[in-house]
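Residue-level structure breakdown
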Amino acid sequence: MTGTAPLAPKQGHKHEQQQSDAEGVDGGVDGGVGLTSLLVAAARAIETHRPDSLARDDYAEHFVRAAPACAEWPVRIEQVPDGDGNPLWGRFARYFGLRTRVLDDFLLRSVRGDARQVVLLGAGLDTRAFRLDWPSDLVVFEIDRAGVLEFKQRVLTGLSAAPRVKRVPVPVDLRADWVTALTAAGFDPAVPSVWLAEGLLFYLPGPVETRLVDTVDALTAGGGALAFEAKLEKDLTAYRDSPLYTATREQIGIDLLGLFDLGPRPDSAGGLAAKGWSTSMHTPFDFTRRHGRGPLPEPNDALEGNRWVFAHKPQL
C-alpha cells in the first residue's frame, strides 16, 4: 500500500477502538493501516538500492528510519539474512517495486496530453512530486490524514527536499468531505485530471469503494484517467497461511488480512466501463514478464487475485 486507507464509520466503543487501532495513533503512521505505508517505503528503499532497480525513491529509507516502529527494518536486500529468499523483503518487496514502476509509467504517460492535475488518493508516503519528471505546469494533490502528511513533511523538510512540481497536500480523511477540501485547495473539475488509488481500495468496504470511484468519475473531465489496485478473491482468508501474509505477520507484526475489508468487492472496472470509460485490467505477473523483474505465480499465492486497473475517460 502507498497511502493510508480510510475505514468505514462504525458505531459503539468497541468499533471505535478497532477503527483507532487500524488508523494508528493520531492518524499517523504508528500502527495499523498507517504502518503499511512504512512497509511499502521499506520495499521502495530496497528496490532503490538494487543494481537492477525498476524504480528509485531516495527518500524512502529516511521515512523508515524516522519512525520508531520500523527503525530496525531493512532498507537494502543485503540486510536481510536470507535475501531474496525472504517472502516479505524478497518477493513482496519486489512486488511493491514493480508496482511503483508500473504506476510511475502510467502517471507520466497520462500527463503527456491535456491532464494538468494529479490526485493521489490516500497518498501516504508517496514522493512522486519529488522524484518524477513532470510537466512544469502540473499540480499534484496529495490527499491523506493530517498525521500522515505531517510525518512525511517533517522527514522531507529535514532532508531539504524540494518538489519538482507544484505540490498541494490536502489533509483530510477520505471518510470526511474530501471533495470540498480538494476543491478548496485549488482542484478544478473542468481541467482533465489523473487519479491514483495505489494499495487503497481493498481496505475499504465495498459500498465505500463504489462511492469513491463514482465521485472520481463525477470530478474527472474528458481526457482524464484513473489507476487503482483491486483484489478478485472471493475469500481472502483462504490465503491466511500464504508465505507473504505469514512473513508479514511474523516479521513485522502487520496482519494484512486483519486490515483488509473481507466483504464482497464491487466491480469498479465494470462500473467505469458502463459509464463510458475505457478500462484494462492486468495481473502483476503481466508486468513481471514485460520488465523481466518481479514476482511470478506460486502455489498458495496471496498475489493471485491482485489486479491493476487502468481507466481512461473519453473526450466529450
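Right, let's walk through the structure included here. (Residues numbered from 1 in each chain as written. Predicted model: local features only at pLDDT ≥ 70, side-chain atom pairs only at ≥ 80, totals over all residues. Heavy atoms only, no water.)

Overview of the packing of helix α4 (residues 87-110) against helix α12 (residues 284-291)
Rules: Here the axes come from fitting lines to C-alpha atoms, over the contacting stretch only for helices, and the angles between their N-to-C directions go from 0 to 180 degrees. Helix and strand assignments follow DSSP, with helices taken as H or I runs no shorter than four residues and strands as E runs no shorter than two, numbered in order from the N terminus. An angle counts as roughly parallel when it lies under 35 degrees, as roughly antiparallel when it exceeds 145, as roughly perpendicular when it falls between 65 and 115, and as oblique in every other case. The criterion used for residue contact is that any of the two residues' heavy atoms lie within 4.5 Å. Three classes are used, and their members are as follows: Ala, Val, Leu, Ile, Met, Phe, Trp, Tyr, Cys and Pro are nonpolar, Asp, Glu, Lys and Arg are charged, and the others, Gly among them, are polar.
Where α4 contacts α12, the axes come no closer than 10 Å and their chain directions differ by 80 degrees. The orientation of α4 relative to α12 falls into the category roughly perpendicular. Between α4 and α12, the contacting residues are R91, Y95, L98, R101, V102 and D105 on the first element and P284, F285, F287, T288 and H291 on the second. Split into classes, the residues belonging to the contact of α4 with α12 amount to 6 nonpolar, 2 polar and 3 charged.

A few points about the sheet that holds strand β6 (residues 278-282)
For clarity, the threshold we go by: Two strands pair under a simple rule: DSSP has to find at least two bridges between them.
The 7 strands lie next to each other as β3-β2-β1-β4-β5-β7-β6, forming an open sheet whose pairing is mixed. Bordering the open sheet on either side are β3 (166-171) and β6, each of which pairs with just one other strand. Shown here is a sheet whose adjacent strand axes are inclined to one another by a mean of 15 degrees, direction ignored. Note that strand β1 (residues 117-121) and strand β4 (residues 193-197) share 4 bridges and pair parallel. Counted as the bridge partner of Q117 is S193 from β4. In the packing of α4 onto the sheet, contacts are made with β1, β4, β5 (225-231) and β7 (306-312), and the angle to β7 comes to roughly 5 degrees. Of the strands in this sheet, β2 (139-144) and β3 touch helix α6 (residues 146-158), which is tilted by about 140 degrees from β3.

Concerning the nonpolar core
Here is the rule: Residues grouped as a nonpolar core are buried Ala, Val, Leu, Ile, Met, Phe, Trp, Tyr and Cys residues, joined through side-chain atoms within 4.5 Å. For the exposure calls, accessible area comes from a 1.4 Å probe over protein chains only, and a residue counts as buried if that area is under 20% of its type's maximum, exposed if over 50%, partly exposed in between.
One finds L38, F63, W73, W89, V118 and W134 to be the most contacted residues of the largest nonpolar core, which totals 73 residues. Contact partners of L38, with chain neighbours within four places excluded, come to V29, F63, V64, A67, C70, W73, L125 and F151. Core analysis: the next-biggest nonpolar cluster, separate from the first, contains 30 residues, F141, L219, L226 and A230 among them.

Describing α6
Since the α-helix turns once every 3.6 residues, residues separated by three or four places project in the same direction. For the record, the criterion: A helix is expected to span 1.5 Å for every residue after the first.
An ideal rise of 1.5 Å per residue puts 18 Å on 13 residues; α6 measures up with 18 Å between its terminal C-alpha atoms. Within the span of α6, buried status applies to G147, V148, L149, F151, K152, V155 and L156. Looking at the buried residues of α6, the elements they touch are α2 (32-48), α3 (60-66), α5 (128-131), β2 and β3. Just beyond α6, the residue with positive phi is S160, at close to 55 degrees.

A short note on the packing of aromatic side chains
Using the following cut-off: Under the pairing criterion, centres of Phe, Tyr and Trp rings, with the six-membered ring standing for Trp, must be within 6.5 Å; the plane angle then separates stacked pairs below 30 degrees from edge-to-face pairs above 60, leaving the rest tilted.
One pass over the structure, following the stated rule, counts 17 aromatic pairs. Centroid distance F287 to W308: 5.7 Å. Interplanar angle 35 degrees. Geometry classified as tilted. Taken as a pair, F287 in helix α12 and W308 in strand β7 lie far apart in primary sequence, 21 residues in all. A single burial state applies to F287 and to W308, both of which are buried. An aromatic cluster of three or more residues is present, and its members are F92, Y95, F96, F106, F287, W308 and F310.

Remarks on helix α8 (residues 206-219)
The end-to-end C-alpha separation of α8 is 20 Å, in line with the 20 Å expected for 14 residues at 1.5 Å each. Every buried residue belonging to α8 is among G206, V208, E209, L212, V213, V216, D217 and L219, and all of these are buried. Next to the buried residues of α8 lie β1, α7 (178-184), β4, β5 and α11 (268-274).

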